[in-house]
Amino acid sequence: MSQFIAFPSAQPNANFDDVKDIEPQDLWEHRSQVTIIDVRRPDERQAGFIPNSLHIVLDTLPDQMDKIPKDQSLVFVCGLGTRSSRAATWALSEGFESVYNLKGGMKLWQERNMESAK
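Report follows, based on the coordinates. Just so you know, these numbers come straight off a predicted model, no measurement behind them. (Residues numbered from 1 in each chain as written. Predicted model: local features only at pLDDT ≥ 70, side-chain atom pairs only at ≥ 80, totals over all residues. Heavy atoms only, no water.)

**Thoughts on the nonpolar core**
Here's step 1: Among the nonpolar cores identified, the biggest contains 16 residues, and Val 39, Leu 61, Ile 68, Leu 74 and Phe 76 are the most heavily contacted of them.
Here's step 2: Secondary-structure elements contributing two or more residues to this core are β5 (73-77) and α3 (82-93).
Here's step 3: Sort the elements by how many residues they give to this core and α3 lands first, with four residues.
Here's step 4: Once residues within four sequence positions are removed from consideration, Leu 61 is found in contact with Val 39, Ile 56, Ile 68, Phe 76, Ala 87 and Trp 90. (Core = buried A, V, L, I, M, F, W, Y, C linked by side-chain atoms within 4.5 Å. Buried < 20%, exposed > 50% of the residue type's maximum accessible area, 1.4 Å probe, protein only. Helix = DSSP H or I, 4+ residues; strand = E, 2+ residues; numbered from the N terminus. Contact = heavy atoms within 4.5 Å.)

**Some points on the environment of Leu 54**
Here's step 1: Structurally, the position occupied by Leu 54 is in strand β4 (residues 54-55).
Here's step 2: C-alpha of Leu 54 to C-alpha of Asp 38: the two residues are 16 residues apart in sequence and 6.0 Å apart in space.
Here's step 3: Setting aside residues up to four positions removed in sequence, Leu 54 forms contacts with Thr 35, Ile 36, Ile 37, Asp 38, Arg 45 and Lys 67.

**Some points on the sheet that holds strand β2 (residues 20-22)**
Here's step 1: Strand order in the open sheet formed by six strands is β1-β2-β6-β5-β3-β4, with mixed pairing between adjacent strands. The open sheet is flanked by β1 (11-12) and β4, the only strands paired with a single partner.
Here's step 2: The pairing of β2 with strand β6 (residues 99-102) spans three bridges and is classified as parallel. Residue Lys 20 lies in a different strand from β6, and its bridge partner there is Tyr 100. (Pairing = 2+ DSSP bridges.)

**Focus: the environment of Lys 20**
Here's step 1: Mapped onto the secondary structure, Lys 20 falls in strand β2.
Here's step 2: Between the C-alpha atoms of Lys 20 and Ile 5, which are 15 residues apart in sequence, the distance is 12 Å.
Here's step 3: Aside from chain neighbours lying at most four places away, what touches Lys 20 is Ala 10, Gln 11, Pro 12, Asn 13, Val 99, Tyr 100 and Asn 101.

Fair warning: the whole summary comes from geometry, so function is off the table for now.
What follows is the structure, given as structure tokens:
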């Protein structure tokens, strides 16, 4: 059974058709109900990451599809939001139904003082 979330803050991404951006606070409020996928390089992730996020570097996504659930909403995260938008575009093209991008990436997440792990 699907467990998709309809994020209230979802807005169209300015650069990638079909991708929706969500606000950090919206992700925080629904974090236990979604799969968060951090697509940054390992050295970037050392600066902080969203607790309980999966770490799948963008270039390796196609090889790691088995780690990504199709029955949950996905939220992709990177440093500023561009790579994660590309990841969201890829996921939509692969048949994932409920796919979002974290607006502003980890930069905005940290600027808003949202919880990060190291």
